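Architecture and fold: a report
Chain by chain, the residues:
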Amino acid sequence: MKSNAEAQSSNFDGVKWGLVVLLVSVAVAGNLYFKEYSPLYRVLGVLVVAAIAGFVALKTDKGRRFIDMAAESRTEIRKVVWPTRQETTQTTLIVLAAVLFMGLVLWGIDTLLGWLVSMVVN
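This section reports on the structure supplied with the text.

Cut-offs used in this document
- Residues numbered from 1 in each chain as written.
- Predicted model: local features only at pLDDT ≥ 70, side-chain atom pairs only at ≥ 80, totals over all residues.
- Heavy atoms only, no water.
- Helix = DSSP H or I, 4+ residues; strand = E, 2+ residues; numbered from the N terminus.
- Areas by Shrake-Rupley, 256 points an atom, 1.4 Å probe, with all protein chains shown as cover.
- Buried < 20%, exposed > 50% of the residue type's maximum accessible area, 1.4 Å probe, protein only.
- Contact = heavy atoms within 4.5 Å.
- Patch = residues over 30% accessible without salt bridge, like charges linked within 9 Å, V, L, I, M, F, W, Y side chains within 5 Å.
- Salt bridge = Lys/Arg side-chain N within 4 Å of Asp/Glu carboxyl O.
- Core = buried A, V, L, I, M, F, W, Y, C linked by side-chain atoms within 4.5 Å.
- Phe/Tyr/Trp six-rings, centres within 6.5 Å; stacked < 30°, edge-to-face > 60°.

1. Let's talk about the overall build of the protein
The number of helices and strands found in the protein is 4 helices and 0 strands. Helices and strands appear in the protein in the N-to-C order α-α-α-α. Each principal axis of the C-alpha distribution contributes one length, and for the protein these read about 80 × 50 × 30 Å. Accessible area of the protein: about 10500 Å², with a carbon and sulfur share of 72%.

Structure, rendered in structure tokens:
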């Protein structure tokens, strides 16, 4: 069963999401209203309002779960064994050679079929 703090927090989540929607709407409307001003100022204004909206969104239950997931993802990425520079270079060269080979094969088939069709049509 949820504790009182968790229950109260989830009760205000709807209000917080409403505030996020309102902030995003204000950013869009403000950008349109102040269209005669420099785009730099409008972009900065939208970024400030978006940052505030993001901060409010992160204070919701879904926002906390997102932060937890991001932290777990970072932990998992640290466990990945990344290829060395030599492995990456060799794999890239193999892929390029395969693409070049298949390109030449398809070009040859296309040329052959084009030649056969031109013989039939003429």
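2. A look at the side chain of Thr-60
Here Thr-60 shows up in the loop between α2 (39–58) and α3 (61–79). Judged by relative accessible area, Thr-60 falls into the buried class, the value being 0%. Once residues lying within four places of it in the same chain are set aside, the contact partners of Thr-60 are Asp-13, Lys-16 and Trp-17.

3. Section: a nonpolar patch on the surface
Residues Phe-101, Met-102, Val-105, Leu-106, Ile-109, Leu-112, Leu-113, Trp-115, Leu-116 and Met-119 make up a contiguous nonpolar surface patch of roughly 980 Å² in combined accessible area. By the element assignment, Trp-115 lies in helix α4 (residues 85–121).

4. A few points about the nonpolar core
One finds Val-20, Leu-23, Ala-27, Val-49, Ala-53, Val-56 and Ala-57 forming the largest nonpolar core, which totals 7 residues. Secondary structure elements with two or more residues in this core: α1 (4–33) and α2. It is α2 that provides the largest number of residues to this core, a total of 4 residues.

5. What about the environment of Glu-87?
Turning to its location among the elements, Glu-87 is positioned in helix α4. Between the C-alpha atoms of Glu-87 and Met-102, which are 15 residues apart in sequence, the distance is 23 Å.

6. Here we look at the environment of Ala-57
Counting through the fold element by element, Ala-57 comes out in helix α2. The spatial distance from the C-alpha of Ala-57 to the C-alpha of Val-46 is 16 Å, given a sequence separation of 11 residues. Apart from residues lying up to four places away in sequence, Ala-57 is in contact with Trp-17, Val-20 and Gly-63.

7. Brief notes about the pattern of salt bridges
When their charged atoms lie close together, side chains carrying opposite charge are able to pair. Counting across every chain of the model gives 2 salt bridges. A salt bridge links Arg-65 to Asp-61, with the shortest nitrogen-to-oxygen separation between them at 3.6 Å. With a gap of 4 residues between them, Arg-65 and Asp-61 both fall in helix α3, about one helical turn apart. Of the residues examined, Asp-61 reaches a relative accessible area of 35% and is grouped as partly exposed. A salt bridge links Lys-79 to Glu-76; the nearest nitrogen and oxygen atoms lie 3.2 Å apart.

8. A closer look at the environment of Gly-30
Along the polypeptide, Gly-30 turns up in helix α1. Sequence separation between Gly-30 and Val-46 is 16 residues, and the spatial gap between their C-alpha atoms is 8.1 Å.

9. Remarks on the packing of aromatic side chains
Using the criterion set out here, one finds 2 aromatic pairs in the structure. With 4.9 Å between their ring centres and 85° between their planes, Tyr-33 and Phe-34 make a pair best called edge-to-face. Residue classification places Tyr-33 among the exposed residues on the basis of a relative accessible area of 61%. Accessibility expressed as a relative area gives 38% for Phe-34, which makes it partly exposed. Among the aromatic residues, those joined into a cluster by ring pairs are Tyr-33, Phe-34 and Tyr-37.

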